[in-house]
Amino acid sequence: PTTSGRGYCSLPPRQAMVQRFKASGKETLVLLLVGDFDPEGEDIAHSFARSLRDDFGIIAVHPIKVALTAKQIKEYKLPPIMQAKATSSRYEKFVEQHGADVFEVEALPPETLQQILRSTIEAVIDRAAFGTEIAAEREDAAFLEGVRRTVSETLQGIDLEGAGDE
């Protein structure tokens, strides 16, 4: 499942994420975050994980900033076109670590971002557990198809139009 949030995202989307996580039975919540490379974008991954821990009691949270990272900016030779906002409360720390240039995630071509996401998912996914889930879904689908077929065949032999007349 995905959750879309703008900036720091309000509590309801976080709560929905926590509910999905708790219902999953998983031990660790792995967050793959995509955002701009700017003072806020660099803070959101940690802030989001902190909120899930402090506000919702999810202790095992593993945040990963998938994009946009300093390494990707260099790797894809993204041109600097904007400067960090000096009014940001995180400005000084960001500029000290990265300089004043900021980059929006949209600077990456969509195909590149998809490839980055795909490889990150493949790196963190538990393949054995995923395979087990896929097999269980196939079994469920086969069972439900059998039930649907049985119900359909049973209903074909019943006169439903006259059933309520008595």
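Nothing here was measured: the structure is a model prediction, and the numbers come from that model. (Residues numbered from 1 in each chain as written. Predicted model: local features only at pLDDT ≥ 70, side-chain atom pairs only at ≥ 80, totals over all residues. Heavy atoms only, no water.)

Peer 1: Provide a residue-level description of the overall build of the protein, including the pertinent values.
Peer 2: What the protein contains, in helices and strands, is six helices and four strands. Starting at the N terminus, the α and β elements of the protein follow one another as α-β-α-β-α-β-α-β-α-α. Across the 166 residues that make up the protein, the buried fraction comes to 27%. Here the contacts in the protein between residues at least 6 apart in sequence split such that 71% fall between residues at least 24 apart. Carbon and sulfur atoms make up 54% of the accessible area of the protein, which amounts to about 11,800 Å² in all. (Helix = DSSP H or I, 4+ residues; strand = E, 2+ residues; numbered from the N terminus. Buried < 20%, exposed > 50% of the residue type's maximum accessible area, 1.4 Å probe, protein only. Contact = heavy atoms within 4.5 Å. Areas by Shrake-Rupley, 256 points an atom, 1.4 Å probe, with all protein chains shown as cover.)

Peer 1: How would you sum up helix α1 (residues 11-24)? Please name residues and give values.
Peer 2: Each full turn of the α-helix corresponds to 3.6 residues, which orients residues three or four apart in the same direction. Relative to the 20 Å expected for 14 residues at 1.5 Å per residue, α1 spans 20 Å between its end C-alpha atoms, a close match to the ideal helical length. Listed in full, the buried residues belonging to α1 are Arg14, Met17, Val18 and Phe21. Each buried residue of α1 sits inside an arc of 100 degrees when the element is viewed along its axis, so together they form one side. What points out from α1, more than 90 degrees from its buried face, is the exposed set Pro12 and Ala23. Turning to α1, the residues buried within the fold contact β1 (29-34) and α2 (39-56). Phi for Gly25, located one or two positions after α1, is positive at around 80 degrees. (Expected span 1.5 Å × (residues − 1). Arc of directions from axis to C-beta.)

Peer 1: Can you tell me about the pattern of salt bridges, naming the residues and giving the values?
Peer 2: Counting across every chain of the model gives six salt bridges. Between Lys65 and Glu42 there is a salt bridge; the shortest N-O distance is 2.6 Å. Of this pair, Lys65 sits in strand β2 (residues 61-67) while Glu42 sits in helix α2; the two residues are 23 residues apart in sequence, bridging distant segments of the chain. The shortest N-O distance in the salt bridge between Asp54 and Arg53 comes to 2.6 Å. Among the residues examined, Arg53 registers a relative accessible area of 39% and is labelled partly exposed. Three or more residues joined by partner-sharing salt bridges are found here, namely Glu40, Asp43 and Arg90. (Salt bridge = Lys/Arg side-chain N within 4 Å of Asp/Glu carboxyl O.)

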